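Analysis of the macromolecular model
Take a look at the letters that make up each chain.
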Amino acid sequence: MATPTIAARLKRRFLLMTTDVAVRERLQAQVPSDWEMVAITSLDEAGDWNEILLYRFLLLDLDEVEVFDPIDVIRTLRMEYLLQIAVLCFGGDADIQDEMRMSRADRFYTREEIVTVLPQFLAQYAW
């Protein structure tokens, strides 16, 4: 396991799990040049648990049940990896949101809201 550098720890970047191109483009339009949005469809694409820690937060599309299981994603993060990275969910119905709450997801937004609140989270996690 490689030790992360200070520069890697200071990078301003976040994960986005979705295949929705329209949402991805709308979110990307909100991302300033000193931030990086990394789109993935599997936690494996982000690396091992210690590499996931280098991201400031995760935006998780709850409507992507055909591509990945959002419940499995949050359970892997919280119970297997024991990570407390912020998980901001968007989309989904009340049932999946309730299950995600029980698995310790942090916040929930509609597909429209996530685009408008992203700048607030970028500012909050800019440290």
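Anything mentioned here points back to the structure above.
Note that this is a predicted model, so its numbers are computed, not measured. (Residues numbered from 1 in each chain as written. Predicted model: local features only at pLDDT ≥ 70, side-chain atom pairs only at ≥ 80, totals over all residues. Heavy atoms only, no water.)

Let us now look at helix H6 (residues 111-124). Over its 14 residues, H6 extends 20 Å from the first C-alpha to the last, a length consistent with the 20 Å expected when each residue adds 1.5 Å. Approximately 40° is the largest bend angle found in H6, and it occurs at Val-117, with the proline Pro-119 only one to four residues beyond. Buried residues belonging to H6 abut strand E1 (13-17), helix H2 (21-28), strand E3 (57-61), strand E4 (86-90) and strand E5 (107-109). (Helix = DSSP H or I, 4+ residues; strand = E, 2+ residues; numbered from the N terminus. Expected span 1.5 Å × (residues − 1). Bend = angle between axes of the 7 residues up to and from the residue. Contact = heavy atoms within 4.5 Å.)

This paragraph deals with the packing of aromatic side chains. Enumeration according to the criterion identifies seven aromatic pairs in this entry. Aromatic pair Phe-14 and Phe-57: ring centres 4.8 Å apart, planes at 10°, arrangement stacked. Of this pair, Phe-14 sits in strand E1 while Phe-57 sits in strand E3, placing them 43 residues apart in sequence. Neither residue differs from the other here; Phe-14 and Phe-57 are each classed as buried. Ring-pair connections join several aromatic residues into one group, and the members of that group are Phe-14, Trp-35, Phe-57, Tyr-109, Phe-121 and Tyr-125. For the cation-ring pair, Arg-13 lies above Tyr-55, with the distance from its terminal atom to the ring centre recorded as 4.3 Å. (Phe/Tyr/Trp six-rings, centres within 6.5 Å; stacked < 30°, edge-to-face > 60°. Buried < 20%, exposed > 50% of the residue type's maximum accessible area, 1.4 Å probe, protein only. Lys NZ or Arg CZ within 6 Å of the ring centre and 35° of its normal.)

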